[in-house]
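Summary of structural features
The chain contents come next:
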Amino acid sequence: MKDKIVVGIIGAGSMGAGIAQVAANADCDVLLFDNSLEVAENAMIKLKKVLIRLVEKDKITQEKSNEIISNIRLIDSIDQFKNADLVIEAIVENLEIKKSVFSNLEAVVGKNCIIATNTSSLSVTNLASSCTLPNRFIGIHFFNPAPLMPLVEIVPALQTDEVVLQKVNEFIKKWGKTNVIAKDTPGFIVNRIARPFYGEALRIYDEGIADFNTIDVAMKEIGGFRMGPFELMDFIGNDVNYAVTESVFKSFFCDPRYKPSFTQKQYAEAGWLGRKSSKGYYSYHEGKIVNEFSKPNKNELEKIFKRILVMLINEAADALYLNIASKSDIELAMQKGVNYPKGLLAWADELGIENCVNDLDNLYKLYHEDRYRVSVLLRNMAEVNSTFF
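Bear in mind the structure is a predicted one, so any value in this text is a computation, not a measurement.

Turning our eyes to something else, we now look at the layout of surface pockets. Computed from the structure, the largest pocket encloses a volume of approximately 1300 Å³. The set of elements that each furnish at least two residues to the lining of the largest pocket consists of α1 (14–25), β6 (137–142), α7 (190–193), α8 (195–206), α10 (229–236) and α11 (238–251). Looking at the lining of the largest pocket element by element, the count peaks at 5 residues for α11. Taken together, the residues of the lining of the largest pocket break down into 22 nonpolar, 14 polar and 6 charged. Counted as a void, the second largest pocket has a volume near 750 Å³. What lines the second largest pocket is a set of 30 residues, among which G18, Q21, L47, V50 and P147 lie closest to the centre. Sorting the residues of the lining of the second largest pocket by element identifies α1 and α2 (37–56) as the ones contributing at least two each. For the lining of the second largest pocket, a count of residues per class yields 20 nonpolar, 7 polar and 3 charged.

This is the structure in structure tokens:
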């Protein structure tokens, strides 16, 4: 029996390098591969700088820093994954490229090696089909930056063996992460349920009800969110956030609940990506917003917050109704994955299930759009006056 778990990472971008750091921190032997040796070498340079800062801040010892670096080895061929226990892919979100990588990888690794994807938007079941042994394939979705974000969504494919799911769950827990198990559907838990945080905020702006700052203030001051929707989209990048929204929309056969916004599409096309381009919904200088704002109306803030919140609650309820994840995992995912101030199902209980249903029905009566249809679970619960907790 080997003393250490051997973990292979394919892709040395920010996500792959971050996962490598997490695994190395847990004392795994990490083999890091990238098609570009320069990218891999730069990843190690950046990691060393990060670890120097952590030592300076007394977050880790110098000994721990040395251990993390010594646990990571750059390799120049996937052939060197032959003794790996687990290989995680973290490359571009392109289905055919990923499937090609997995097909080549399977010819190298042993039959007991677990093969995983870090995809955030592609079908894990589809990716698993590229393997001759799809039962050892699974989704392990880290959030960026992987060393800092506690949540990991574990997503078994339709073909995944239960034993593989259990092993991966144990691996990732030992790495100090908070695990949730998600059904293999578009967006998994977080990227599915969080869509109205962005989509409904953009809709409110598009209708001329409020400007970017007013909507952000509503979610922060009334709702207690750390960042408003537009601040967060600027932080993520409008190109990235729009691509995820478009992917989820198409994957759900164009369900209007996930319909992308023309505003965000145009911002992405204009290169107004947010912080990284110094202009998005806000203008930035040295990473700080430089716009000036007038003080919003308190009553206006309450209405905006409530509209976005009930849409989020509706998504969370539907995810539970459709068995995407357990009640506890849905609550945990939204708090640990996107830093929501409380679980959405608990928030629904606090607001009152009947009040949530009435607010959604009023939106549907106003717009007559399927976007505002009430989850069957919420309606059934309102009829019998039940709660989630």
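Now that the structure is up, let's keep going.
What follows deals with the environment of E221. For E221, the position within the fold is in helix α9 (residues 212–222). As a C-alpha pair, E221 and E292 span 71 residues in sequence and 18 Å in three-dimensional space.

This next bit is on the sheet that holds strand β4 (residues 86–89). Taken together, the 8 strands give an open sheet; going across it, the order is β3-β2-β1-β4-β5-β6-β7-β8, and neighbouring strands pair in mixed fashion. In this open sheet, the two edge strands, each paired with only one partner strand, are β3 (72–75) and β8 (178–181). Between one strand axis and the next, the sheet turns through 25° on average, direction left out of account. Lying on the sheet, α1 is in contact with β1 (6–10), β2 (29–33), β3, β4 and β6; it crosses β2 at an angle near 170°.

Attention now moves to the side chain of S261. Along the chain, S261 falls in the loop between α11 and α12 (262–269). On the accessibility criterion, S261 (9% relative accessible area) is buried. Not counting residues within four places of it along the chain, the set of residues in contact with S261 comprises L202, D206 and Y242.

With that settled, consider helix α14 (residues 327–337). Listed as buried for α14 are D329, I330, E331, A333, M334 and G337. On its buried face, α14 sits against β7 (151–156), β8, α7, α13 (298–321) and α15 (344–351). Just past α14, the residue N339 takes up positive phi, approximately 55°.

Now for empty space enclosed by the protein. Left-over empty space is what a probe sized like a water molecule reveals as it rolls over the atoms. All chains considered together, the criterion is met by 2 cavities of 30 Å³ or more. Roughly 120 Å³ of internal volume is contained in the largest cavity. When residues in the lining of the largest cavity are grouped by element, the largest group, 6 residues, is from α8. Residues that form the lining of the largest cavity fall into these classes: 6 nonpolar, 4 polar and 5 charged. In this structure, the second largest cavity spans a volume of roughly 30 Å³.

What follows covers unusual backbone geometry. N144 connects to P145 through a cis peptide bond whose omega is 0°. Relative to the assigned elements, P145 resides in the loop between β6 and β7. Even without being a glycine, F188 presents a positive backbone phi close to 55°. With respect to the secondary-structure elements, F188 resides in the loop between β8 and α7. The backbone of E286 sits at a positive phi, close to 50°, despite the residue not being glycine.

Formed by 88 residues in total, the largest nonpolar core has its most connected members in F81, F197, F230, I308, L344, L378 and F388. Examining the composition of this core, we find that 12 residues originate from one element, α13, more than from any other. Setting aside anything within four residues of it in sequence, one finds F230 in contact with A201, L202, Y205, F212, I215, D216, Y281 and Y282. Grouped together as the second largest cluster of nonpolar side chains are 39 residues, A40, L86, A90 and A146 included.

Rules behind the numbers
Within every chain, residues take consecutive numbers counted from 1 along the sequence as written. Per-residue local features are limited, in this predicted model, to residues with pLDDT of at least 70; the limit for side-chain atom pairs, both in listing and counting, is 80 or more; totals at the level of whole chains, interfaces and linings are taken over all residues. Only hydrogens and water are set aside; all other atoms, that is, all heavy atoms of the structure, feed into the side-chain values. Cavity means a closed set of points on a 1 Å grid over the protein atoms alone, one where a 1.4 Å probe fits but cannot get out, pocket means an open set with protein on both sides within 12 Å along at least 5 of 7 lines, and lining means a residue has an atom within 4 Å of a point. Grid points are joined across faces, edges and corners, and a volume is the space filled by probe spheres set on the points. Segments assigned H or I by DSSP are reported as helices when at least four residues long, segments assigned E as strands when at least two residues long, and all are numbered from the N terminus. Polarity classes work like this: nonpolar for Ala, Val, Leu, Ile, Met, Phe, Trp, Tyr, Cys and Pro, charged for Asp, Glu, Lys and Arg, and polar for all others, with Gly in that last group. At least two DSSP bridges between two strands are needed for those strands to be called paired. Angles here are taken between N-to-C directions and fall from 0 to 180 degrees, while the axes themselves are lines fitted to C-alpha atoms, restricted in helices to the stretch in contact. Between two residues, a contact is recorded if the distance between any of their heavy atoms is within 4.5 Å. Throughout, exposure labels follow a simple rule: accessible area from a 1.4 Å probe, protein chains only, divided by the maximum for the residue type, with under 20% read as buried, over 50% as exposed, and the rest as partly exposed. Buried Ala, Val, Leu, Ile, Met, Phe, Trp, Tyr and Cys residues form a nonpolar core when they are joined through side-chain atoms within 4.5 Å.

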